[in-house]
Amino acid sequence: MKHKMNFIRMMLLSSCLVGGSFASLAFTPTDKTAFAQGYPEDAPITSHEFTFEQLNQDGIRLTGVLPNSDVNFTNRVDKIIKELSLKLKHTNSPALLTQLSHIKVYLNDQLMAIVPVTPLAYDKVHQTLSEQTLKLKPHLVRNYNTVRFELIGHYTNEHCEDSTHSSIWAELDKDSKLKYKAQHIALKSDLAHFPEPFFDEFDYSKLSLPIIFASQPSKTTTQAAAILSSWFGARADWRGANFPVQYNVLPNQHAVVFATNDTKPDFLSDYPDAEGPTVEIIANPEYRYKKLLLVLGRNEQELKTAVEGIALGLPIMTGRTAVINDIIHIKPREAYDAPRWLRTDRAVRFGELLDYPTQLQTTEGSDHSVKMDIRLPPDLFTWRTDGLPLDLKYRYTPPTSKAISRLNMSINNEFVQGFTLTPDGGKAVVSELKIPLLSSDDTDNDRYFSVPGFKADIKNELEFKFLFSTEREGFCTTNARGGELGVIDDDSTIDVSNFHHYIAMPNLHAFAQGGFPFTKYADLSQSAIIFSSNPSRLELETLFTISGHLGRTTGFPIFNADFHYANENVELKTKDILLVGDVNSFDKQVNNNSELSVLLAQSTREITQAVYEGQPYDYALSNEDASAKVSLSSLGPLSAIVGFQSPFNPERSVVAMMANNNDDLKLINNTLVDSGKLSQIRGNATIINQYKVHNSYLGERYYIGSLPPFTYIWFHLSEHPLILAILTLITLLIISFVLWRILTALAKKRVESQE
């Protein structure tokens, strides 16, 4: 690396001395040729191998009813596939005739191979797994690719055969592998490609994007980097994103570099000064197949402006460089208007929730169903409601008069309702129904009880599956299959506009799944992020990973969050507070708070929790009277996420990211990009070690939001049935007394009138 950098710098220096006839080739201080193509090395070739399980197919079963299935894979825009093969492991029904039955393999609807079925003995099926390696044509590979399998199955030579017979089946093992070699290509340095190659929507792996500074960044530069992290986090979405921090190092992968005219990394020391907020893409000087995104400015504030330009002006950016002239925020964000959340001011059409045009359509013979992601505001108040109102409209190919076909609806893999598809279909069928739900508030008293029902959580998957059947006419005649379609109309609606916003806090599940309470305003305009005035690289990485997580939950950058050092004296009464890393000077203001149930300091650890918190006592409620406080000394990695009420305002909240030591912050970073661990975060304190996630629910609850007076009274009294009974009795006595006085007065008046 050093000799290549020295070569570039010598060329830059010689350009200042030579001049004359070499002017057209020289590198001058205002010339960026050295960064146009990078150092010319051979194109790297990488090998990749994925099992079907890694490609989200936990084994494939092909039958006469569902003879088609597929495996999808993607290819980055900066790579080209050179070799492609499929190692297929499969078995099949011993009843299949080998001379007639086979499996057809397609790549992007082009037939690639015919795989014969294997003759098997009935008692040897479990011992036999055939293997074939199939060569596929790499020139057919696109950004998004489908390998489709179709079973052609026959079990008899006679003309009378049932194509849906149960003996027609084949299974493709989950350990089957897709292998390919990919060659890197040098993309043109052009903002028209952006966000590729830094983020590629066709790369389904976790986003890991290094952020490079010349040295420890200032508060404003840190804020700019956090905003950009949240923007990339929104793009990465379910993939997750982390942002390794490096100082003055030229990375060997796509990366982001922040630099002002006075603070440049050494590898940009001869780069021309910025003349304003600037965004630029260059080739990595040492690795021409990697790109650097330069965020430049004359000062730190211009770095923030440049980042806002990326987030808001991307569609009109082209060429290698863009200078941001001005940014005007025309209208501030409103509460609950996060782009990824279901709107709460009106009914929402399904057509507004689509990820791709044909998402609401499915065909017969496919194992695909119609799926939609629905994200609800975390504080949606669903206590004693019938469910989420859904106006469902659907169309389908009419079945024959005797065939029984159905549409099944489920949410989060739990069956909700089924509909019979009648022969008079083919037009829009409207069904008004409600999605049953339980409160998503995991601090409610019922949180430990297994209540039959369906839970609409913060993140939900709504699924519709059309099941078309065939009609058998006599022993040998079956109606031809194929061509049946089912469509959920995009004018179907879901409506949560009549729900109030009210939630019991602390609630780390709401933070983990929805970024709440910070994301009530998608730009975090009512939030403050507190971090050390001398942050380590891992503390900055944690801050950027959290920012990416917040962007992921809302789909919007954290433009208006306040960033403060822990030793600053600032007004926080109107802010929800996010504490990141070692903020001892700020902790002094909150450590006396009785709700802080976990404390970590080097080897000393304290936890306060209910006596019966875990198995086998999950049915028991956390009881503060039956709690214990444990203080101990222990070594080993440990971190915690703790929520509690703000000491500055009872209607505001604090979420603290704590670690036993600086290195243990990696546990939090890994958890925030691991959907499995993220779903386990609940309660008011989550303790994270290398292997497990533990939750604690102890602490006095507080509520944020608003309810109508009558609902507010009944909701809170419902937790105290004895008080409710006493108040009911008192109310009845008062009503009885009033009625008695009224009736007595009427009787007295009647007697007096008779006299």
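Use the structure listed above.
Residues numbered from 1 in each chain as written. Predicted model: local features only at pLDDT ≥ 70, side-chain atom pairs only at ≥ 80, totals over all residues. Heavy atoms only, no water.

A.B. asks: Tell me about the overall build of the chain, and name the residues and values.
C.D. replies: Each helix and strand in the chain was counted, giving ten helices and 43 strands. Residue pairs at least 24 apart in sequence account for 78% of intrachain contacts in the chain once pairs closer than 6 positions are excluded. Of the roughly 36400 Å² that the chain leaves accessible, carbon and sulfur atoms contribute 52%. (Helix = DSSP H or I, 4+ residues; strand = E, 2+ residues; numbered from the N terminus. Contact = heavy atoms within 4.5 Å. Areas by Shrake-Rupley, 256 points an atom, 1.4 Å probe, with all protein chains shown as cover.)

A.B. asks: Help me get a handle on the sheet that holds strand β18 (residues 321–323), residues and values and all.
C.D. replies: Each strand in a sheet pairs with its neighbour through backbone hydrogen bonds, running either in the same direction (parallel) or in the opposite one (antiparallel). Read from one edge to the other, the open sheet built from six strands follows the order β14-β12-β15-β17-β16-β18, with strand pairing classed as mixed. Only two strands of the sheet have a single neighbouring strand rather than two, namely β14 (245–247) and β18. Across the sheet, the mean angle separating the axes of adjacent strands is 25° when strand polarity is ignored. Bridge count between strand β12 (residues 211–213) and β14: three bridges; the pairing is parallel. Within β14, the residue paired with Ile212 across the bridge is Gln246. Helix-sheet contacts for helix α2 (residues 219–236) involve β12, β15 (255–260) and β17 (291–297), and the interaxial angle to β15 is about 155°. Most of the contacts of helix α5 (residues 537–554) go to β14, to which it runs at about 140°, and overall it touches β12 and β14. (Pairing = 2+ DSSP bridges. Axes fitted to C-alpha atoms, helices over the stretch in contact; angles between N-to-C directions.)

A.B. asks: Give a detailed account of the environment of Phe511, specifying residues and quantitative values.
C.D. replies: Position of Phe511 relative to the elements: it lies in helix α4 (residues 508–514). Taking the C-alpha atoms as reference points, Phe511 and Arg682, separated by 171 residues in sequence, lie 8.8 Å from one another.

A.B. asks: So what's going on with the environment of Leu376? Which residues, and what values?
C.D. replies: Looking at the element boundaries, Leu376 is found in the loop between β21 (370–375) and β22 (380–381). Overall, Leu376 belongs to the buried group, its relative accessible area being 5%. Taking the C-alpha atoms as reference points, Leu376 and Leu342, separated by 34 residues in sequence, lie 5.5 Å from one another. (Buried < 20%, exposed > 50% of the residue type's maximum accessible area, 1.4 Å probe, protein only.)

A.B. asks: Describe the packing of aromatic side chains, with residues and values.
C.D. replies: In this structure the tally under the stated criterion is 27 aromatic pairs. Between Tyr204 and Trp238, the aromatic rings sit 5.3 Å apart at their centres with planes inclined by 70°, giving edge-to-face as the arrangement. Linking Tyr204 in the loop between β10 (177–184) and β11 (207–208) with Trp238 in the loop between α2 and β13 (241–242), this pair joins segments that are 34 residues apart in sequence. Here Tyr204 falls in the partly exposed class, since its relative accessible area comes to 39%. By relative accessible area, which is 47% here, Trp238 ends up partly exposed. In this arrangement the basic side chain of Lys219 is found over the ring face of Tyr565, its NZ or CZ atom lying 5.7 Å from the centre. Above the ring of Phe556, the side-chain terminus of Arg333 is found at 4.1 Å from the ring centroid. (Phe/Tyr/Trp six-rings, centres within 6.5 Å; stacked < 30°, edge-to-face > 60°. Lys NZ or Arg CZ within 6 Å of the ring centre and 35° of its normal.)

A.B. asks: Describe the nonpolar core, naming the residues involved and giving the relevant values.
C.D. replies: By size, the foremost hydrophobic cluster in this structure holds 69 residues, and its most contacted members are Phe194, Phe232, Phe258, Phe544 and Leu578. For this core, the element with the most residues is α2, which contributes eight residues. Excluding residues that lie within four positions of it along the chain, Leu578 makes contacts with Phe511, Phe518, Ala528, Ile529, Ile530, Ile546, Leu550, Val655 and Met657. Listed in part, the 30 residues of the second largest apolar core include Leu86, Leu107, Val115 and Val147. (Core = buried A, V, L, I, M, F, W, Y, C linked by side-chain atoms within 4.5 Å.)

A.B. asks: Now, about the sheet that holds strand β42 (residues 693–696): what can you tell me, with residues and values included?
C.D. replies: Reading across from one edge, β34-β33-β35-β40-β39-β41-β42 is the order of the seven strands in this open sheet, with mixed pairing throughout. Every interior strand has two partners, whereas the edge strands, β34 (562–565) and β42, have only one. Adjacent strand axes in the sheet meet at a mean angle of 15°, parallel and antiparallel pairs treated alike. α5 contacts β33 (527–531), β34, β35 (576–580) and β40 (653–659) of the sheet and is inclined by roughly 140° relative to β35.

A.B. asks: Please give an account of the pairing of strand β25 (residues 414–421) that cites residues and values.
C.D. replies: The pairing of strand β24 (residues 405–411) with β25 spans seven bridges and is antiparallel. If you follow Met409 over to β25, its bridge partner there is Gln417. Joining the antiparallel neighbours β24 and β25 is a turn of two residues, in which Asn412 adopts a positive phi near 55°.

A.B. asks: Break down the packing of α2 against α5 for me, with residues and values.
C.D. replies: Between α2 and α5, whose axes approach to 7 Å, the crossing angle comes to 45°. When the axes of α2 and α5 are compared, the pair comes out oblique. For the pair α2 and α5, the crossing hand works out as right-handed. Every residue of α5 that contacts α2 at Thr222, Ala225, Ala226, Ser229, Ser230, Gly233 and Ala234 is listed here: Leu540, Leu543, Phe544, Ser547, Gly548, Gly551 and Arg552. In terms of residue class, the contact of α2 with α5 is made up of six nonpolar, seven polar and one charged. (Parallel < 35°, antiparallel > 145°, perpendicular 65-115°, else oblique. Left-handed = near helix turned anticlockwise from the far one by under 90°. Nonpolar A, V, L, I, M, F, W, Y, C, P; charged D, E, K, R; others polar.)

A.B. asks: Go over the side chain of Asp78, please, and point to the residues and values.
C.D. replies: Within the element layout of this structure, Asp78 appears in the loop between β3 (68–74) and β4 (79–92). Not counting residues up to four positions away in its chain, the partners in contact with Asp78 are Gln183, His184, Ile185, Leu187, Pro197 and His254.

A.B. asks: An account of unusual backbone geometry is requested, with residue identities and associated values reported.
C.D. replies: A cis amide bond, omega 15°, links Phe194 with the succeeding residue Pro195. In this fold, Pro195 is placed in the loop between β10 and β11. Between Glu196 and Pro197 the backbone carries a cis peptide bond, its omega angle lying at 0°. Along the chain, Pro197 falls in the loop between β10 and β11.

A.B. asks: Help me get a handle on the packing of α2 against helix α3 (residues 300–313), residues and values and all.
C.D. replies: Two elements in contact, α2 and α3, have axes whose closest approach is 8 Å; the angle formed by their N-to-C orientations is 10°. In terms of their interaxial angle, α2 and α3 are classed as roughly parallel. In this structure, α2 uses Thr220, Thr221, Gln223, Ala224, Ile227, Leu228 and Trp231 to contact α3, whose residues at the interface are Glu300, Gln301, Leu303, Lys304, Val307, Ile310 and Ala311. When its residues are assigned to classes, the contact of α2 with α3 shows eight nonpolar, four polar and two charged.

A.B. asks: Tell me about the pattern of salt bridges, and name the residues and values.
C.D. replies: The full count for this structure, using the stated rule, is 24 salt bridges. Of the charged contacts, one joins Lys575 and Asp562 as a salt bridge, the two residues approaching to 3.2 Å between their closest N and O atoms. A residue pair is termed long-range when its members are at least 10 positions apart, and Lys575 in the loop between β34 and β35 and Asp562 in strand β34 qualify at 13 residues. Here Lys575 falls in the buried class, since its relative accessible area comes to 13%. We classify Asp562 as partly exposed; its relative accessible area is 26%. Its salt-bridge partner being Arg652, residue Asp576 comes within 3.2 Å of it at the nearest N-O pair. With a gap of 76 residues between them, Asp576 in strand β35 and Arg652 in the loop between β39 (639–645) and β40 connect regions that are remote in the sequence. The exposure class assigned to Asp576 is buried, which follows from its relative accessible area of 6%. (Salt bridge = Lys/Arg side-chain N within 4 Å of Asp/Glu carboxyl O.)

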